[in-house]
Amino acid sequence: MNVSPKIPTPVNEPVLGYAPGSPERVELKRTLKDMSSRQLEIPLVIGGKEVRTGRTVDVVMPHCHRHVLAKAHQAGPAEVEAAIAAAREAWHDWSGWAFERRAAVFLKAADLLATRYRPLVNGATMLGQSKTAHQAEIDAACELIDFFRFNVQYAERIYAEQPLSVAGVWNYLDYRPLEGFVYAITPFNFTSIGGNLPTAPAIMGNTVVWKPAGTAALSNYFIMRLLAEAGLPPGVINFVPGPSVQVSERLLADRAFAGIHFTGSTEVFQTLWKQASANLTSYATYPRLVGETGGKDFILAHASADADVLATGMLRGAFEYQGQKCSAASRAYVPDTLWPAVRERLLAMLAEVKVGDPADFRNFMGAVIDRKAFDKIRGYIDAAKRASGVKVLYGGGADDTDGYFIEPTVLEVQDPAYRTMCEEIFGPVLTVHAYPATHWVETLRLVDQTSPYALTGAVFAQDRGAVAQAQEALRYAAGNFYVNDKPTGAVVGQQPFGGARASGTNDKAGSLLNLVRWASPRAVKENFIPPRSFGYPFMAEA
Ligand code: NAD
């Protein structure tokens, strides 16, 4: 074909409201009922074929842990080897596909997700990861649709970035896929990240082995089905749920390992980096190591902040999805002059927050993901109850009888270095330090130096001088910085996401900067008028 198709200009997928009586609510409720009444089997998908190993783990509802939603087959060494072989085999064809052919697969995936797959993927995210309808919609539907549509356009822009050509010479960059396979390892907390990490490299022509988080296997499996229906060829993305340590060790030992696309905790990413370093000399190429990791995200209020706006930002920023967002606000610094008004407003709003089964749409929060998370978060709260200088202002309760429920909890600490101000808890716990309003400059330093992370942060102030001071002093404290807004809810195409320091390699998911990591450019020079003799003018006799 003689055509150079333009990628449609992407716009963010509109967020559906799920208000009573809306068609999307009716359909989602029907899907939830149907999914809850059946038990699914989740196979591995290797080379386009479903593989059942017979070794399964239960995928349960976090808010009703006796309810088994699915049995997920687990990969062993043989399946991991098969996945590597399938990715390598598929590479020969896929890496040579014209870009517009690849792009069509993901544009179609976006449209399928915006329509027929929307209730399925949202429903699976609500039941399997305990998200409310709104939290599932902004993640599993809208953000993933945006990733597909925007990433394809970023790829187009990367390919258009070309060097100078001069008279008689034509220069260009061939953005080759990496030579080998990419290993995508995804977290439980965002279905969209599950979908983005394997597909971003695939859009750039790479083939992938994808290990999803066990607790997100249900929604992630629907994404595999969606991609197959969109026309993704067999072997381009191979889906291998399984024991993470063993799966990773095998993949990282392979000569064709060419990169990691990871989102998860800092410790796990550091372990993977060390393993890759230890194997470095055996690889065919230097691997690309891309990882977005933990956070200890802050809200800093100036004395000029609006108390209502601040209290709302604290509540939504800290407690939506039970605080299990890498960007969730978990430490807040409020001037003592403002704190009584903010505390009153925050506690009054919290009294209206309902926690429970997300299928009951009146609930604002569901359960935390699993027993391990429940025990860890409860451990922090119990220790805080015993500690001197720490007050439990709200919540503090935890109940795992039916589901892993933890009340939204607000702690107030005298010591700004108390552990819940410094360590990532990854649950519905917000710690507040009321600082002397006269200590603004000292507090800026404190916010910057309290934790090793630097993912997100927000400043609330009406005084523009204070905003400018905070932006300057906290320049390296957050990769995503918010002014008078909660530090969560980054939107693809609007706020490219990621942080540095212990929060990751800051390769900004949902941006051109991320996609560029999945290409290994080759510079091509064609000389139209090559020289015919070896001599230069300076060599001639005078
Ligand atoms: P996790 O690190 O426990 O798991 C992430 C993935 O790594 C999962 O697939 C898991 O099975 C796998 N894994 C676990 N241990 C492993 C090991 N030893 N070797 C190889 N793989 C291993 O993280 P999680 O609980 O799924 O997610 C929560 C964490 O993710 C938090 O720290 C959060 O801040 C972070 N996160 C960061 C971002 C970001 O963009 N920066 C986004 C979402 C989540």
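All values derive from a computational prediction rather than experimental measurement.

(A) Inspection of the sheet that holds strand 14 (residues 390-394) at higher detail. Spatially, seven strands are ordered 14-17-18-13-12-20-21 in an open sheet, and the strand pairing comes out mixed. The sheet is open, and its two borders are formed by strand 14 and strand 21 (480-483), each paired with just one other strand. Between one strand axis and the next, the sheet turns through 20° on average, direction left out of account. Taken together, the four bridges between strand 14 and strand 17 (residues 409-413) define a ladder with antiparallel strand orientation. From the neighbouring strand, Lys391 faces strand 17, where its bridge partner is Glu412. The strands touched by helix 14 (residues 440-449) within the sheet are strand 12 (297-301), strand 13 (329-335), strand 18 (429-435) and strand 20 (456-460), with strand 12 carrying the most contacts at an inclination of about 175°.

(B) Representation of the domain arrangement of the protein. Domain parsing of the protein yields domain 1 (23-293 + 504-525) and domain 2 (297-483). Taking only C-alpha atoms, the centre of domain 1 and the centre of domain 2 are 31 Å apart. At the interface, 26 residues of domain 1 touch 29 residues of domain 2. For the pair domain 1 and domain 2, the summed buried surface comes to about 2,200 Å²; carbon and sulfur atoms form 61% of the total. A per-residue breakdown of the area domain 1 buries against domain 2 is headed by His63, His65 and Phe188, which together make up 24% of the total. Inspection of the region where domain 1 meets domain 2 yields one salt bridge. Note that Asp402 is salt-bridged to Arg66, the shortest N-O span being 3.3 Å. If you list the elements that add at least two residues to the side of domain 1 that touches domain 2, you get helix 1 (23-36), strand 5 (64-73), helix 4 (118-129), helix 5 (133-160) and helix 9 (266-278). It is helix 1 that provides the largest number of residues to the side of domain 1 that touches domain 2, a total of four residues. Looking at the side of domain 1 that touches domain 2 residue by residue, the classes come out as nine nonpolar, eleven polar and six charged.

(C) Looking closely at the nonpolar core. Ranked by internal contacts, the top residues of the largest apolar core, which has 78 residues, are Ile42, Phe106, Phe148 and Ile237. The element contributing the most residues to this core is helix 5, with 14 residues. Among residues more than four places away in sequence, those in contact with Ile237 are Val45, Pro198, Thr199, Ala202, Val208, Trp210, Met224, Leu227 and Leu232. Counting 40 residues, the second largest nonpolar core, distinct from the first, contains Ala213, Ala216, Leu300 and Ala470.

(D) Representation of the state of the cysteines. Evaluated as defined, the whole model comprises zero disulfides. Free of any disulfide, Cys142 has its nearest neighbouring cysteine sulfur in Cys326, separated by 18 Å. Here Cys422 is not disulfide-linked; the sulfur of Cys326 is the nearest cysteine sulfur, at 19 Å. Looking at Cys422, the relative accessible area reads 18%, which means it is buried.

(E) Spotlight on the pattern of salt bridges. A full pass over the atoms with the stated rule returns 23 salt bridges. Put simply, Glu79 and Arg55 hold a salt bridge, and the shortest N to O gap is 3.1 Å. One end of the pair, Glu79, is in helix 2 (residues 77-94); the other, Arg55, is in the loop between strand 3 (49-51) and strand 4 (56-61), and 24 residues separate them in sequence. On the basis of relative accessibility, which here comes to 15%, the residue Glu79 falls in the buried class. For Arg55, a relative accessible area of 42% gives the class partly exposed. Close ionic contact of Arg345 with Asp308 constitutes a salt bridge, the shortest N to O distance being 3.1 Å. You can see Arg345 sitting in helix 11 (residues 339-350) and its partner Asp308 sitting in helix 10 (residues 307-319), a full 37 residues away along the chain. Asp308 gets classed as partly exposed once you look at its relative accessible area, which sits at 42%. Here the residues in one salt-bridge network are Glu13, Asp111, Arg118, Glu137 and Arg149, joined through shared partners.

Rules used in this analysis
Residues numbered from 1 in each chain as written. Predicted model: local features only at pLDDT ≥ 70, side-chain atom pairs only at ≥ 80, totals over all residues. Heavy atoms only, no water. Pairing = 2+ DSSP bridges. Helix = DSSP H or I, 4+ residues; strand = E, 2+ residues; numbered from the N terminus. Axes fitted to C-alpha atoms, helices over the stretch in contact; angles between N-to-C directions. Contact = heavy atoms within 4.5 Å. Domains from an automatic or database assignment. Buried area = accessible area lost by both parts, 1.4 Å probe. Salt bridge = Lys/Arg side-chain N within 4 Å of Asp/Glu carboxyl O. Nonpolar A, V, L, I, M, F, W, Y, C, P; charged D, E, K, R; others polar. Core = buried A, V, L, I, M, F, W, Y, C linked by side-chain atoms within 4.5 Å. Buried < 20%, exposed > 50% of the residue type's maximum accessible area, 1.4 Å probe, protein only. Disulfide = S-S within 2.5 Å.

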